[in-house]
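Summary of structural features
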Amino acid sequence: MFYGWYIVGACCLIMMYSSGANSLGFTAVFDPIVDEFGWSHTQISLAASLRGLERGLLAPVAAILSDRWGPSRVVFGGLILCSLGLILLSRVTSLTMFFTSFIIIGIGVSATATPLLMVLVLSWFPKKGGLAMGIAASGVALGGLLVPLITFFIDTFGWRQAVFIIGMGVLVIPLPLSFLLRKRTEKYRYPHNNKESGLSLDDDDSSILEKSEVVNIETKEALNDRVFWIIAAAFFCQVLALSGVVTHIMPYLGSVGLDRENSSFIAGALPLATIIGRMGFGWMMDRVDKRGLAVLSFALNSLGVGILAFIVPGQTLLIVVFIIIYGVGWGGSVVLLAGLLNSYFGMKRLGTIIGFAGLITMIAFVTGAPLAGWIFDQWGYYQPAWFVLAGIVGIATFFFAGLRDPSNFSAKSA
């Protein structure tokens, strides 16, 4: 089998466990922490959002280290830190210790973040990497399968013991997979007539790079181009809403009368629905204009957050509609960030460029969850937060109208 598919599989499983343990699963431990310590929703949200801050600040560093040391070492070190952070979280006794544990988790997540692994996948599938990225990125969605399991552990053993088990699980499940990650080299040649690579067995490494990179934009040039800032600003708005939804989905559903079991299944089903968006949008990225796909993805994101405000117990159909619409939109946005930036700036410095975009969008991750928590603390309900966030993402949909045709841009820059 073409070794690129081993890369896709390893990235998928690593992101599955990492997202379930470090991001999606946190919503299940939110209320138990409030009950034990009496901290406000704003305080807990701010601590949790530090994962995004550290991931954003260190994303460019992780990309540079991956280029220098190789992805295997960087991901290995990141997973070790994730494990240590989760174990420390299970032993917290103060708000300072609580914040510290999330800083450690955030540093670790920066080395296992989706953008870094997406660049690795794209390097193995330079011509038609949309579907490969969609499959790999589905690992984040599959992390939703862990939410009901994490909720069961919390309700059975207590939140501290559950978090400790999850932290130790990092060393057993994703850590060994990090050894499979490696850069594309002469040793791993493309098979003859491989459709994903579009290259033959006779192509050497230099011709692979030449054929796979239409443009070779340096990082400084990309950061000076308005296209980069339009894309980054749009995804800033999308991540702002995503942060609020992912962190507060279970507390919100509980506040409107749903029990923890049903809330956990909804929280778990939501990322699973993103698989449709990740793979569907990934497949379409190789065939249609990515700008139109971005408009569609963001429109679904905005509509989904708005629908969330109307969910009440007994409205099963509306819950299903929310899961599908928001899940597909969210999933599409995951693969579109790397795809759009690759269209305009090429593969040469894509990891670092995505890292800087991640720095900007993760500021939104830090802001979105505390914003939703603050609104709840002020008014006692979440609905105003969902309307505000839906409006922000809706406005960002129009940002893509300002993007010039990437084919003209590429031809001019080549």
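Below is a summary of the structure that appears in this document. (Residues numbered from 1 in each chain as written. Predicted model: local features only at pLDDT ≥ 70, side-chain atom pairs only at ≥ 80, totals over all residues. Heavy atoms only, no water.)

We now examine helix α5 (residues 95-110). Its 16 residues place the ends of α5 23 Å apart at the C-alpha level, agreeing with the 22 Å of an ideal helix rising 1.5 Å per residue. Turning to α5, its buried residues are F98, S101, F102, I105, G106, G108, V109 and S110. (Helix = DSSP H or I, 4+ residues; strand = E, 2+ residues; numbered from the N terminus. Expected span 1.5 Å × (residues − 1). Buried < 20%, exposed > 50% of the residue type's maximum accessible area, 1.4 Å probe, protein only.)

Residue placement: T361 occurs in helix α17 (residues 350-379). In contact with T361, not counting residues within four places along its chain, are A232, F235, F236 and V239. (Contact = heavy atoms within 4.5 Å.)

For the pair helix α15 (residues 290-308) and helix α18 (residues 383-396), interaxial distance at closest approach is 8 Å and the crossing angle is 170°. One way to sum up the angle between α15 and α18 is to call them roughly antiparallel. Residue-level inspection shows F298, N301, S302, V305, G306 and L308 of α15 in contact with α18, the latter providing W386, F387, L389, A390, V393, G394 and A396. Taken together, the residues that form the contact of α15 with α18 break down as nine nonpolar, four polar and no charged. (Axes fitted to C-alpha atoms, helices over the stretch in contact; angles between N-to-C directions. Parallel < 35°, antiparallel > 145°, perpendicular 65-115°, else oblique. Nonpolar A, V, L, I, M, F, W, Y, C, P; charged D, E, K, R; others polar.)

Time to look at a nonpolar patch on the surface. Nonpolar side chains collect at one region of the surface, where L81, L84, I103 and I107 lie side by side and expose about 280 Å² of accessible area between them. Elements that contribute at least two residues to the nonpolar patch include exactly α4 (71-89) and α5. Here L81 is to be found in helix α4. By relative accessible area, L81 is classed as partly exposed at 31%. (Patch = residues over 30% accessible without salt bridge, like charges linked within 9 Å, V, L, I, M, F, W, Y side chains within 5 Å. Areas by Shrake-Rupley, 256 points an atom, 1.4 Å probe, with all protein chains shown as cover. Salt bridge = Lys/Arg side-chain N within 4 Å of Asp/Glu carboxyl O.)

With that out of the way, let us pick up the side chain of T274. Within the secondary structure layout, T274 lies in helix α14 (residues 260-285). Once residues within four sequence positions are removed from consideration, T274 is found in contact with A141, G327, W330 and G331.

It is worth spelling out the pattern of salt bridges at this point. Side chains bearing opposite charge may pair, as long as their charged atoms lie close to each other. This model, assessed by the stated rule, comprises two salt bridges. One salt bridge in this structure joins R160 and E36, with 2.7 Å as the shortest N-O distance. Here E36 lies in helix α2 (residues 26-37) and R160 lies in helix α9 (residues 159-172), a separation of 124 residues in the sequence. By relative accessible area, R160 is classed as partly exposed at 24%.

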